[in-house]
Amino acid sequence: MATKIDYYAVLEVSRDANGDEIKRAYRKLAMKYHPDRNPGDAEAENRFKEINEAYDVLKDDQKRAAYDRFGHAAFEGGGPGAGGFDFGGGGLGDIFEQMFGDMMGGRRGGRRSGADLQVQVTITFAEAFAGVKKKITVPTRVTCESCDGTGSADKDAQPETCPSCHGARKVRAQQGFFFVERPCPTCHGSGRLIRNPCKECHGTGTVEKNRTIEVTIPAGVEDGTRIRISGEGESGGKGVPAGDLYVHVSVEQHAIFQRDGANIYCRVPVRMAQAALGTEIEVPVVDGSRTKVKIPAGTQTGEHFRLRGKGFSVLRSSARGDMYIQVVVETPRHLTKRQRELLEEFEGDAAGHAKGSPESTGFFSKVKDFFEGKL
Ligand SMILES: [Zn+2]
Ligand SMILES: [Zn+2]
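Residues numbered from 1 in each chain as written. Chains lettered and ligands numbered in written order. Predicted model: local features only at pLDDT ≥ 70, side-chain atom pairs only at ≥ 80, totals over all residues. Heavy atoms only, no water.

(A) Inspection of the overall build of the protein at higher detail. Across its full length, the protein holds nine helices and 17 strands. Counting all 375 residues of the protein, 35% fall into the buried class. Put simply, 61% of the contacts in the protein that link residues at least 6 apart link residues at least 24 apart. Per element, the accessible surface of the protein, about 22,500 Å² overall, is 49% carbon and sulfur. (Helix = DSSP H or I, 4+ residues; strand = E, 2+ residues; numbered from the N terminus. Buried < 20%, exposed > 50% of the residue type's maximum accessible area, 1.4 Å probe, protein only. Contact = heavy atoms within 4.5 Å. Areas by Shrake-Rupley, 256 points an atom, 1.4 Å probe, with all protein chains shown as cover.)

(B) Representation of the coordination of the zinc ion (ligand 1) within the structure. Within the protein, the zinc ion (ligand 1) binds to Cys144 (SG), Cys147 (SG), Cys198 (SG) and Cys201 (SG); these donor distances fall in the range 2.2 to 2.3 Å. What the four donor atoms of the zinc ion (ligand 1) show is an angle range of 104 to 117° at the metal, which sorts the shape as tetrahedral. Counting along the primary sequence, the residues that act as donors to the zinc ion (ligand 1) give the motif C-x2-C-x50-C-x2-C. With a gap of 57 residues between them, Cys144 in the loop between β4 (132–143) and β5 (160–161) and Cys201 in the loop between β8 (192–193) and β9 (206–217) connect regions that are remote in the sequence. The two residues Cys144 and Cys201 agree in class, both being buried. (Donors = N, O, S within 2.8 Å, 3.2 Å for Na, K, Ca; no water. Tetrahedral: all angles 85-135°; square planar, octahedral: opposite > 155°, others 65-115°.)

(C) Structural view of the environment of Ala54. With respect to the secondary-structure elements, Ala54 resides in helix α3 (residues 42–58). Ala54 sits 45 residues away from Ala9 along the chain, and the two C-alpha atoms are 9.1 Å apart. Contacts of Ala54, omitting those with residues within four sequence positions, involve Tyr7, Val10 and Leu11.

(D) Inspection of helix α9 (residues 358–371) at higher detail. When the terminal C-alpha atoms of α9 are compared, their 21 Å separation across 14 residues agrees well with the 20 Å that a helix rising 1.5 Å per residue should span. At the C-terminal side of α9, Gly373 shows a positive phi close to 80°. (Expected span 1.5 Å × (residues − 1).)

(E) Region of interest: the sheet that holds strand β11 (residues 245–251). If you walk across this open sheet you meet the three strands as β3-β11-β10, and the pairing is mixed. The open sheet has two edge strands, β3 (117–123) and β10 (225–229), and neither has a second partner. Averaged over all pairs of adjacent strands, the angle between their axes in this sheet comes to 25°, without regard to strand direction. When β3 meets β11, the two strands line up parallel, connected through seven bridges. Counterpart to Ile123 in the pairing with β11 is Val251. (Pairing = 2+ DSSP bridges. Axes fitted to C-alpha atoms, helices over the stretch in contact; angles between N-to-C directions.)

(F) Main features of the pattern of salt bridges. Summed over all chains, the structure comprises 18 salt bridges. Residue Arg195 pairs with Glu160 through a salt bridge whose shortest N-O separation is 2.9 Å. Here Arg195 is found in the loop between β8 and β9, whereas its partner Glu160 is found in strand β5, with 35 residues between them in sequence. Under the relative-accessibility criterion, Arg195 is labelled exposed at 62%. (Salt bridge = Lys/Arg side-chain N within 4 Å of Asp/Glu carboxyl O.)

(G) Examining the pairing of strand β13 (residues 263–271) more closely. Alternating positions in β13 separate cleanly, Ile264, Cys266, Val268 and Val270 being buried on one face and Asn263, Tyr265, Arg267, Pro269 and Arg271 remaining unburied on the opposite face. Looking at chain direction, strand β12 (residues 257–260) and β13 are connected through four bridges and run antiparallel. When the sheet's bridge partners are listed, Asp260 is paired in β13 with Asn263. As defined by bridge partners, β13 adjoins strand β17 (residues 323–330) across eight bridges and the pair is classed as parallel. Among the inter-strand pairings, Val270 is bridged to a residue of β17, identified as Val329.

(H) View of the packing of aromatic side chains. This structure, assessed with the given rule, holds nine aromatic pairs. On the numbers, 6.1 Å between centres and 40° between planes, the contact of Tyr8 with Tyr67 is tilted. Of this pair, Tyr8 sits in helix α1 (residues 7–10) while Tyr67 sits in helix α4 (residues 61–70), and the two are 59 residues apart along the sequence. For Tyr8, a relative accessible area of 1% corresponds to the buried category. You can call Tyr67 buried: its relative accessible area is 3%. Taking 5.2 Å as the distance between ring centres and 15° as the angle between the ring planes, the aromatic pair formed by Tyr265 and Tyr324 counts as stacked. Of this pair, Tyr265 sits in strand β13 while Tyr324 sits in strand β17, and the two are 59 residues apart along the sequence. On the basis of relative accessible area, Tyr265 is assigned to the partly exposed category, the value being 25%. Following the ring pairs from residue to residue traces out a cluster consisting of Phe125, Phe129, Phe257 and Phe312. Sitting over the face of the ring of Phe312, Arg259 holds its NZ or CZ atom 3.6 Å from the ring centroid. (Phe/Tyr/Trp six-rings, centres within 6.5 Å; stacked < 30°, edge-to-face > 60°. Lys NZ or Arg CZ within 6 Å of the ring centre and 35° of its normal.)

As structure tokens, then:
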């Protein structure tokens, strides 16, 4: 048997990836290397097989544990795992349905439909805050107009049942320890054989075409959100409903704002003397406006000031998060002669004035306790 690549490497996930991460990675790769997308590309087909094989194992806790322990040997005849594992035989048909249900049509509530499509959209932090409409181009298969989706050059010809799969649309093949079901290679999973295929679509009944769809991304959307747009996936062919389109939203990082749920954090530098004397500073708000924040005398570095309702919208709610200004007290560098004199004078005075340094007071009393063996 040829050398096999590590299943985690195949799916491009880490060994501690969770189920969702594995599923996401699988979907992404399976879409990319799907034979429909890469006709005649043997390498893509091999990758697609590897991806499915890896996912088949890693999505199942029991199989994954066996794989982690024994590697590929767990699933090959003669290996330490051979015969030692019972994965509830007969479940592979179900696995097949689960795996391909989303991608290849298959069944949704007992009904066939076109494949679901996944697209990735990246938006800015500000767009996530305000909401945005994005035009996205989706490569998709639509019903072939030339043959009206029948796949036959002669529209009136009755399609024949595929002789390889007898119309079952899939075939079983042995793979190591298991039987795996695959789309029938003769009829490409259609179950039919067309004697005189349509020149436009080569008998598939669908052709590849780019469509542009406008997607409304709601205000407050978070990084990693998935938006489903029903019926905007691939055509299911004649008389079969289209699949759904899933838009995966990535939100870019912002240079000055950080986000945690609906709240926004912003670190604002304040000069040492400003923090000591108290001041009012102007801070940016994510909506592009500015607002003033009072910094009371004696503010310490790390202290937060809350700006109520200046955070993100909460999805499906009228609530808004808050914005937090986090003060960073800045120690001056490159002092002028005058500044140095002033600070030296200040320091001479401050040294005998412990109450003015709240952090030091607590810290040095603990240090004293430490050296006395009390801590
Ligand atoms: Zn056609
Ligand atoms: Zn067939």
